[in-house]
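Here is what each chain is made of, one letter per residue.
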Protein chains: 2
Amino acid sequence: MQGNRQQPPAAIYPPTERTVPTRSPDRAAYDKELVHAVLDEGYVCHLGFVRDGAPVVLPTLYGRIGERLYVHGSTGSRPLLAAGRADPGLPVCLTVTHVDGLVLARSAFHHSINYRSVVVHGTAYDVTDPEEKRQALDALVDHVVPGRAADSRPADKKELAATAVVRLDLNEVSAKLRTGGVNDEPEDLSLPHWAGVVPLRKGYDAPLADPDLAPGIELPGYLADL
Amino acid sequence: MQGNRQQPPAAIYPPTERTVPTRSPDRAAYDKELVHAVLDEGYVCHLGFVRDGAPVVLPTLYGRIGERLYVHGSTGSRPLLAAGRADPGLPVCLTVTHVDGLVLARSAFHHSINYRSVVVHGTAYDVTDPEEKRQALDALVDHVVPGRAADSRPADKKELAATAVVRLDLNEVSAKLRTGGVNDEPEDLSLPHWAGVVPLRKGYDAPLADPDLAPGIELPGYLADL
């Protein structure tokens, strides 16, 4: 029926009670594309879970395949290693944060940080299927350096068994952002303090080759482009 | 008694059951100086707490004064805002992570990250004393840009009341570090894959002055030095 085409459904994660913040709700976003972009820019997340009634937050590597996150489970914590073996999995909160700039206002009160973060609530399950685990590990490596998984020796059976990977579906997800400049009070604008934004510089220094590198191996293009 | 001087007691956080990792315990450290150095290099932490039985992890600003951390409590989360009003405070886990380099091994399995992280377990209390809160906010601002607190308009009474700050003592604390190069298996050394470490570049781009900056205000030295 031309002229009466339906709009595609908005690609968002439906907000829930715990993904709507009580403060600055205007900074919250549920757009899937935005969430994916924030997730794909990083590779270290902070994973929270409950152990003996108390919270635990550990940094660990993650990768994304579609609407699924994979998390390196060998973080030194028993509960995480046991995540999926337990039924019905381990309740987790996975958070990824990029700091983009320092917002220096004239007033101490209005100092802030420009950032983009994603918070995922859900349940982590141990990945047991060897093929899924292999793909997850490729995703983890490629999240750190795109293109790297194909340029390394794949894990063998023993290594695969020794690596714990947990899976977390993207269902209850929100992004939070602060962008832009200084929000000082009008009466503070004439104060003698410098105000503005200091952007963070992001990138890498020159790669340091392993001293045992076999002769003739050049720096691969995907590293030169980093 | 000369010649029989006692060694000063080791300045460490006594390890506890939950600060000793089950994996890579050799990467764990409890040295107070090291912990302070890792904490003082950052200003964004990931704070975990339990809400309705489930974990929540939020990024927020922190500062350190001696053996005490202060955390900006206006994170948009009710439980955190209510932290100290509740008796006996809110159990939290505060984690700070610095990524220093990408470790690219010849084998996918030995890929890693060079990092330094600190994990603090404890109880967060709302800071109600105005003087303590003022000092805490100065510490928060100075953690982001050393010297900045003295070069901004201090919070007035109303702003101070509108800012939630929670306190967390450094008692149950551990650092975890991975440094150095690639740890490939000897039989992989001849593989044709580049291997080595890619150090992260850290720093800031040129500060962007607020368009409303009063005339004649120069970039302060503490920003030029960043």
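Residues numbered from 1 in each chain as written. Chains lettered and ligands numbered in written order. Predicted model: local features only at pLDDT ≥ 70, side-chain atom pairs only at ≥ 80, totals over all residues. Heavy atoms only, no water.

**Details of the overall build of chain A**
Alright, step 1. What chain A contains, in helices and strands, is five helices and 10 strands.
Alright, step 2. Burial statistics for chain A: of 226 residues in total, 54% are counted as buried.
Alright, step 3. Counting only carbon and sulfur atoms, one obtains 53% of the accessible surface of chain A, whose full area is about 10,600 Å². (Helix = DSSP H or I, 4+ residues; strand = E, 2+ residues; numbered from the N terminus. Buried < 20%, exposed > 50% of the residue type's maximum accessible area, 1.4 Å probe, protein only. Areas by Shrake-Rupley, 256 points an atom, 1.4 Å probe, with all protein chains shown as cover.)

**Focus on the interface of chain A and chain B**
Alright, step 1. With 89 residues of chain A at the interface, the matching set in chain B holds 89 residues.
Alright, step 2. Together chain A and chain B conceal approximately 7,600 Å² of surface at their shared face, both sides included; 62% is due to carbon and sulfur atoms.
Alright, step 3. Counting every contact that joins chain A to chain B gives eight salt bridges.
Alright, step 4. Residues Arg201(B) and Asp205(A) are paired through a salt bridge, measuring 3.2 Å at the closest nitrogen-oxygen approach. (Contact = heavy atoms within 4.5 Å. Buried area = accessible area lost by both parts, 1.4 Å probe. Salt bridge = Lys/Arg side-chain N within 4 Å of Asp/Glu carboxyl O.)

**Focus on the confidence of the model for chain A**
Alright, step 1. Residues at a pLDDT of 70 or more form 89% of chain A, whose mean pLDDT is 90.
Alright, step 2. Taken element by element, the predicted model of chain A shows its lowest mean pLDDT in helix H2 (residues 78-81) of chain A (63) and its highest in strand S9 (residues 196-199) of chain A (98). (pLDDT = per-residue confidence, 0-100.)

**With respect to the relation of the copies chain A and chain B**
Alright, step 1. Superposing chain A onto chain B takes a rotation of 180° combined with a translation of 0.0 Å along the rotation axis, leaving an RMSD of 0.0 Å. The transformation relating the two chain copies, once decomposed into turn and shift, fits a two-fold axis.
Alright, step 2. The overlap is high: 100% of the interface residues of chain A also sit at the interface in chain B, so the same surface is used on both sides. (Least-squares fit on C-alpha atoms with pLDDT ≥ 70 in both.)

**Focus: the pairing of strand S2 (residues 44-51) of chain A**
Residues and elements named next belong to chain A.
Alright, step 1. Most of S2 is tucked away: six of the eight residues are buried.
Alright, step 2. For S2 and strand S3 (residues 54-65), the ladder comprises eight bridges, and the chain directions are antiparallel. Looking at S3, one finds that Val44 is bridged to Leu61.
Alright, step 3. Two successive antiparallel strands, S2 and S3, enclose a turn made up of two residues, where Asp52 displays a positive phi of approximately 50°.
Alright, step 4. Bridge count for S2 against strand S5 (residues 90-104) is four bridges, and the pairing is antiparallel. Pairing of Leu47 across the sheet is with Leu94, part of S5. (Pairing = 2+ DSSP bridges.)

**A word on the pattern of salt bridges**
Alright, step 1. Inspection of the entire model under this criterion finds 30 salt bridges over all chains.
Alright, step 2. The partner of Asp210(B) in a salt bridge is Arg106(A), and the shortest N-O contact between them spans 2.8 Å. Of this pair, Asp210(B) sits in the loop between strand S10 (208-209) and helix H5 (221-224) while Arg106(A) sits in the loop between S5 and strand S6 (112-126), which puts the two residues in different chains.
Alright, step 3. Using a relative accessible area of 0% as the deciding quantity, one classes Arg106(A) as buried.
Alright, step 4. In this structure, Asp184(B) and Arg106(B) form a salt bridge, with 3.0 Å as the shortest nitrogen-oxygen distance. In this pair, Asp184(B) is assigned in the loop between strand S8 (172-178) and strand S9 (196-199) and Arg106(B) in the loop between strand S5 (90-104) and strand S6 (112-126), connecting sequence segments 78 residues apart.
Alright, step 5. Of the residues examined, Asp184(B) reaches a relative accessible area of 12% and is grouped as buried.
Alright, step 6. Among the charged side chains, a network of salt bridges with common partners joins Glu41(A), Asp100(A), Arg116(A) and Lys202(A).

**Some details on the environment of Asp188(B)**
Alright, step 1. Checked against the element boundaries, Asp188(B) lands in the loop between S8 and S9.
Alright, step 2. Setting aside anything within four residues of it in sequence, one finds Asp188(B) in contact with Arg153(A), Arg106(B) and Ser107(B).

**Examining the nonpolar core**
Alright, step 1. The biggest cluster of nonpolar side chains holds 56 residues, and the ones touching the most others in it are Leu94(A) and Leu94(B).
Alright, step 2. Beyond its immediate chain neighbours, meaning those up to four positions away, Leu94(A) contacts Cys45(A), His46(A), Leu47(A), Leu69(A), Val71(A), Val118(A), Val119(A), Val120(A) and Leu168(A).
Alright, step 3. Core analysis: the second largest hydrophobic core is formed by 30 residues, Tyr43(A), Ile217(A), Leu104(B) and Val198(B) among them. (Core = buried A, V, L, I, M, F, W, Y, C linked by side-chain atoms within 4.5 Å.)

**Section: the side chain of His110(B)**
Residues and elements named next belong to chain B.
Alright, step 1. For His110, the location among the structural elements is in the loop between S5 and S6.
Alright, step 2. Of the polar contacts made by the side chain of His110, one reaches the side chain of Glu185; its length is 2.7 Å.
Alright, step 3. The contacts of His110, once residues within four sequence positions are left out, are Val103, Ala105, Asn183, Asp184 and Glu185. (Polar contact = N/O pair within 3.5 Å; in protein donor to acceptor, adjacent residues only side chain to side chain.)

**Considerations on the pairing of strand S7 (residues 165-169) of chain A**
Residue and element names in this part refer to chain A.
Alright, step 1. For S7, the tally of buried residues reaches four of five residues, placing the bulk of the element in the interior.
Alright, step 2. Across five bridges, the pairing between strand S4 (residues 68-72) and S7 is antiparallel. Residue pairing across strands places Arg68 opposite Asp169, the latter belonging to S7.
Alright, step 3. Pairing of S6 with S7, which is carried by two bridges, proceeds in the antiparallel orientation. Paired with Asp126 across the two strands is Val166, which belongs to S7.

**Section: the environment of Val198(A)**
Alright, step 1. As for its placement among the helices and strands, Val198(A) is situated in strand S9.
Alright, step 2. We classify Val198(A) as buried; its relative accessible area is 1%.
Alright, step 3. Sequence-wise, Val198(A) and Asn114(A) are 84 residues apart; in three dimensions their C-alpha atoms are separated by 9.4 Å.
Alright, step 4. Once residues within four sequence positions are removed from consideration, Val198(A) is found in contact with Asp100(A), Gly101(A), Leu102(A), Leu104(A), Tyr204(B), Asp205(B), Pro207(B), Leu223(B) and Leu226(B).

**A closer look at unusual backbone geometry**
Alright, step 1. Positive phi, normally seen in glycine, also occurs at Asp52(A), with a value near 50°.
Alright, step 2. Of note, Asp52(A) is situated in the loop between S2 and S3.

**Side note on the side chain of Ser152(B)**
Alright, step 1. Positionally, Ser152(B) belongs in the loop between helix H3 (130-144) and helix H4 (157-162).
Alright, step 2. On the basis of relative accessible area, Ser152(B) is assigned to the buried category, the value being 5%.
Alright, step 3. In this structure Ser152(B) touches Ala105(A), Arg106(A), Ser107(A), Ala108(A), His111(A) and His193(A), once residues within four positions along its chain are discounted.

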